Amino acid sequence: STLWQITSVSGNYDSPVYEFSTEDDLTTHTTGTSLSGSSTYFWHVSHKDDNGTFSEWSSFSTETSFITGSGPQSVTIHPSGLNSETGGWSTTPSDTWDASLDDNDGDGSYAALCCTSPNWTFYVDLDDPGLGAVTIQSITFHINARYCTYPGGATASGNLDIGYKTGTATVWKGSTGLSSAAHSLISSSTYTTDSDGGTLELADINNLQIAVKRITSGSTQLRVTEVYVEVTYLP
């Protein structure tokens, strides 16, 4: 038989963070529970003869320590500027795509499109997050926006679509209605692949584009006040 114990305090196994016993005579073992990332743990092991020669547990082995790897981390990135737009979009203040979309400051600054047919789209490039040799796990992106009457500015109903692009294709969330709130936060799904279906890599994040498409036609204005992306990665 084998008895394994893990503790977070050297020499103190009164309340181990992990304990496992088995009738098998193991020389290696994988824990059945998650331990905290970037942490130091201590362990020892004891054995007992199951053939009846020794009925008592042996003394525990000399304590040994190990350090767990870092858990998932995240970084938030914002637009660095306009990549392309299909016409009609503008920013307030003028030509400030990065600053106009870096936070939800209401109607202080925004990108806007007024009084048009549907499916007019803009793409913005994202800041380089400055990550080194990491493993990208996922991306989730968020848009703050509202439709409003023009030029009056009262909130109106309407739909938009949001998407991401790392290569050739754009992956779209699908048409989403904006609520009657002053600004609606629209969030994407959490994506674990690049936009062409491959593995997410750091190069994809460094070349990431976020797209916003006006769906509702008519005389209302669509104002987009914020775009940001949460990137989850393993160091």
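Here is a short report on the structure shown in this document.

### Observations regarding unusual backbone geometry
So, point 1. Geometrically, the link from threonine 92 to proline 93 is a cis peptide bond, its omega value of 0 degrees lying close to zero.
So, point 2. At aspartate 95, a residue that is not glycine, the phi angle is positive and equals roughly 60 degrees.
So, point 3. Of note, aspartate 95 is situated in the loop between strand 7 (90-92) and helix 1 (97-100).
So, point 4. A positive phi angle, near 55 degrees, is found at cysteine 115, a position not held by glycine.
So, point 5. Mapped onto the fold, cysteine 115 is located in strand 8 (residues 110-116).

### Some words on the state of the cysteines
So, point 1. Applying the stated criterion across every chain, the model contains one disulfide.
So, point 2. Between the sulfur atoms of cysteine 114 and its disulfide partner cysteine 115 the distance amounts to 2.2 Å.
So, point 3. The class for cysteine 114 is partly exposed, based on a relative accessible area of 21%.
So, point 4. Sulfur of cysteine 148: no disulfide; nearest cysteine sulfur belongs to cysteine 114 and is 7.7 Å away.

### Focus: the side chain of threonine 176
So, point 1. Secondary-structure assignment places threonine 176 in strand 14 (residues 176-178).
So, point 2. For threonine 176, the side chain forms a polar contact with the main-chain oxygen of glycine 174, separated by 2.9 Å.
So, point 3. Apart from residues lying up to four places away in sequence, threonine 176 is in contact with Gly158, Asn159, Leu160 and Ile186.

### Details of the packing of aromatic side chains
In this description, a pair of aromatic rings is defined by centroid distance and the angle of the planes.
So, point 1. The final tally for this structure, using the stated rule, is seven aromatic pairs.
So, point 2. Measuring from ring centre to ring centre gives 5.9 Å for tyrosine 41 and phenylalanine 66, while their planes differ by 25 degrees; the resulting arrangement is stacked. Of this pair, tyrosine 41 sits in strand 3 (residues 40-47) while phenylalanine 66 sits in strand 4 (residues 64-67); the two residues are 25 residues apart in sequence, bridging distant segments of the chain.
So, point 3. Owing to a relative accessible area of 7%, tyrosine 41 belongs among the buried residues under this scheme.
So, point 4. Note on tryptophan 89 and phenylalanine 122: the rings are 4.7 Å apart at their centroids and 80 degrees apart in plane angle, and the pair reads as edge-to-face. Of this pair, tryptophan 89 sits in the loop between strand 6 (79-85) and strand 7 while phenylalanine 122 sits in strand 9 (residues 121-126); the two residues are 33 residues apart in sequence, bridging distant segments of the chain. The pair formed by tryptophan 89 and phenylalanine 122 is uniform in burial state, with each residue classed as buried.
So, point 5. Three or more aromatic residues joined by ring pairs form one cluster here, namely Trp89, Trp97 and Phe122.
So, point 6. Across from the ring centre of tryptophan 172, 4.2 Å away, lies the NZ or CZ of lysine 213, which sits over that ring.

### A word on the pairing of strand 1 (residues 2-7)
So, point 1. Across the six residues of strand 1, six count as buried, placing the element largely inside the fold.
So, point 2. Of the two faces of strand 1, the one holding Thr2, Trp4 and Ile6 and the one holding Leu3, Gln5 and Thr7 are both buried throughout.
So, point 3. Relative to strand 3, strand 1 is paired through six bridges, and the arrangement is antiparallel. Looking across to strand 3, one finds that threonine 2 is bridged to histidine 47.

Reading the values: the criteria
- Residues numbered from 1 in each chain as written.
- Predicted model: local features only at pLDDT ≥ 70, side-chain atom pairs only at ≥ 80, totals over all residues.
- Heavy atoms only, no water.
- Helix = DSSP H or I, 4+ residues; strand = E, 2+ residues; numbered from the N terminus.
- Disulfide = S-S within 2.5 Å.
- Buried < 20%, exposed > 50% of the residue type's maximum accessible area, 1.4 Å probe, protein only.
- Polar contact = N/O pair within 3.5 Å; in protein donor to acceptor, adjacent residues only side chain to side chain.
- Contact = heavy atoms within 4.5 Å.
- Phe/Tyr/Trp six-rings, centres within 6.5 Å; stacked < 30°, edge-to-face > 60°.
- Lys NZ or Arg CZ within 6 Å of the ring centre and 35° of its normal.
- Pairing = 2+ DSSP bridges.

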